[in-house]
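Secondary and tertiary structure notes
Listed below, chain by chain, are the residues.
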Amino acid sequence: MNYCINPKCQNRQNSDAVKLCQACGTALLINDRYRILKPLRSLHLGHPTEIFEVEDWGTGEQEWGTHKVLKVLKYTNNSDLVWLFKQEARVLIWLRYPGIPKVEPDDYFRILPNSSSQYLHCLVMEKISGKKLDKYLEEEHHLSQSIIVDWLKQLIKILDVIHSQNLIHRDIKPSNIILKPDGKLALIDFGSVKIEAGESLPIGSLGYAPPEQLAGQAIQQSDFFALGRTLVYLLTGKAPLEFITNDTEKIIWRNSAIKIESYLADLIDEMMNIKPENRPQNTQLLLNKLKVFVTPPSGRYLYRPEGGVT
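A brief look at the structure comes next. (Residues numbered from 1 in each chain as written. Predicted model: local features only at pLDDT ≥ 70, side-chain atom pairs only at ≥ 80, totals over all residues. Heavy atoms only, no water.)

With that settled, consider the overall build of the chain. Each helix and strand in the chain was counted, giving 7 helices and 15 strands. Here the C-alpha radius of gyration of the chain, 21 Å, is about what a compact globule of 310 residues would show, namely 19 Å. Reported as C-alpha extents along the three principal axes, the dimensions of the chain are approximately 65 × 45 × 35 Å. Classification of the 310 residues of the chain by burial places 50% in the buried group. Contacts in the chain between residues far apart in sequence, at least 24 positions, make up 54% of those at least 6 positions apart. Counting every atom, the chain has about 15,300 Å² of accessible surface; 51% of that belongs to carbon and sulfur. In the chain, which carries 37 positive and 36 negative side-chain charges, the distance between the mean positions of the two groups comes to 1 Å. (Helix = DSSP H or I, 4+ residues; strand = E, 2+ residues; numbered from the N terminus. Rg over C-alpha atoms; globule rule 2.2 N^0.38 Å. Buried < 20%, exposed > 50% of the residue type's maximum accessible area, 1.4 Å probe, protein only. Contact = heavy atoms within 4.5 Å. Areas by Shrake-Rupley, 256 points an atom, 1.4 Å probe, with all protein chains shown as cover. Lys, Arg positive; Asp, Glu negative; His and termini not counted. Charge placed at Lys NZ, Arg CZ, Asp CG, Glu CD.)

A cluster of nonpolar side chains, Leu29, Trp57 and Trp64, forms an exposed patch at the surface whose accessible area comes to about 330 Å². Along the chain, leucine 29 falls in strand E3 (residues 29-30). (Patch = residues over 30% accessible without salt bridge, like charges linked within 9 Å, V, L, I, M, F, W, Y side chains within 5 Å. Salt bridge = Lys/Arg side-chain N within 4 Å of Asp/Glu carboxyl O.)

Moving on to the side chain of threonine 230. As for its placement among the helices and strands, threonine 230 is situated in helix H5 (residues 220-236). Given the relative accessible area of 0%, threonine 230 is considered buried.

Below, the discussion takes up helix H2 (residues 133-140). Along an α-helix, a turn takes 3.6 residues, which lines up residues three or four apart on a common side. All of the buried residues along H2 are Leu133, Asp134, Tyr136 and Leu137. Down the axis of H2, the buried set is contained in an arc of 160 degrees. They therefore lie on one face. Buried residues along H2 sit in contact with strand E9 (131-132), helix H3 (145-163), strand E11 (177-179), strand E12 (185-187) and H5. Remark: histidine 141 follows H2 within two positions and exhibits a positive phi of approximately 70 degrees. (Arc of directions from axis to C-beta.)

Enumeration according to the criterion identifies 4 aromatic pairs in this entry. Between tyrosine 34 and phenylalanine 109, the aromatic rings sit 6.1 Å apart at their centres with planes inclined by 5 degrees, giving stacked as the arrangement. Of the two residues, tyrosine 34 sits in strand E4 (residues 34-39) while phenylalanine 109 sits in strand E7 (residues 108-111), which places them 75 residues apart along the sequence. Residue tyrosine 34 shares its accessibility class with phenylalanine 109, and that shared class is buried. A cation over a ring is seen here: arginine 110 above tyrosine 119, with NZ or CZ 4.2 Å from the ring centre. (Phe/Tyr/Trp six-rings, centres within 6.5 Å; stacked < 30°, edge-to-face > 60°. Lys NZ or Arg CZ within 6 Å of the ring centre and 35° of its normal.)

All right, on to the pairing of E7 then. Side chains Phe109 and Ile111 project from E7 onto a buried face, and the interleaved Tyr108 and Arg110 project onto a face without burial. The pairing of E7 with strand E8 (residues 120-126) spans 4 bridges and is antiparallel. The residue of E8 that forms the bridge with arginine 110 is histidine 121. (Pairing = 2+ DSSP bridges.)

Looking at the secondary structure, you find leucine 81 in helix H1 (residues 79-94). By relative accessible area, leucine 81 is classed as partly exposed at 25%. Residues leucine 81 and serine 192, spaced 111 residues apart in sequence, show a C-alpha to C-alpha distance of 9.7 Å.

A word on the pattern of salt bridges. Oppositely charged side chains are able to pair whenever their charged atoms sit close together. Inspection of every chain in the model, using the stated rule, returns 19 salt bridges. Residue lysine 71 pairs with aspartate 189 through a salt bridge whose shortest N-O separation is 3.8 Å. Within this pair, whereas lysine 71 is found in strand E6 (residues 66-73), its partner aspartate 189 is found in the loop between E12 and strand E13 (194-195), the two being separated by 118 residues in sequence.

Let us look at unusual backbone geometry. Located in the positive-phi region is asparagine 166, a residue other than glycine, with phi close to 60 degrees. The phi torsion at arginine 170 lies on the positive side, around 75 degrees, for a residue other than glycine. Summarising the element assignment, arginine 170 is placed in the loop between strand E10 (167-168) and E11. Looking at arginine 170, the relative accessible area reads 4%, which means it is buried.

If you want it as structure tokens, here you go:
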């Protein structure tokens, strides 16, 4: 099955035997290279972007038949959305890390559907196999402290790569983290990423984004807040907005969590502090705080406070 990229097409499904959409006449081989296999989420008219799984029939033998992800911006008359889309493309081209989707310089392009005057902005990226953490938790129902510590270390290292380029992800949450078959994590959806400089558009997912980010003043410590809230979800199975807050706006979550050391719970609370200046100030300090968790031959992280924090 071939899908037509034209969001205004009345019948977007086509057989594999045709080269042009039978409903609107748009070429089905996108940018003379990509064939759309299926949508990766429902094709909602009100959503500014569409995401597809595509097959790459590029010039290199290693790329023939490779499955990738195509993100398409439909609302190109919105300058803010266009800017964010181009920023996402630039950032993913810059960054090179196993836990971040890979994008090549020619993976951003524009196309004009048949009989249309409005270009679509397109971004092709590596398809990362695995399960999103929200779906994984639904199936597993229980995560040990060892898993949480391992995942936290992995995510901080990914953030270290991002923050080292003076960038802020701004949308860390369970559905934007993929557990790959090899047990490693990947952080996806860089559509909200920004350079850390001055004010910006208020943006973020409710329950995960901190107050300063929702006020358009995100800083790198804003990502720590969202990561802390993500850990709360993974430890409790409850979305952050389900918890009550105390008089300091701190969510009361510990009684709903699996058994974990108080040191780890305290660190998560520190990451979620309502005041950015009271959160860990950088990724290296966060990693330093996790040195008390050591890995014996069994592979399970153990808490050893006597090991100290250097």
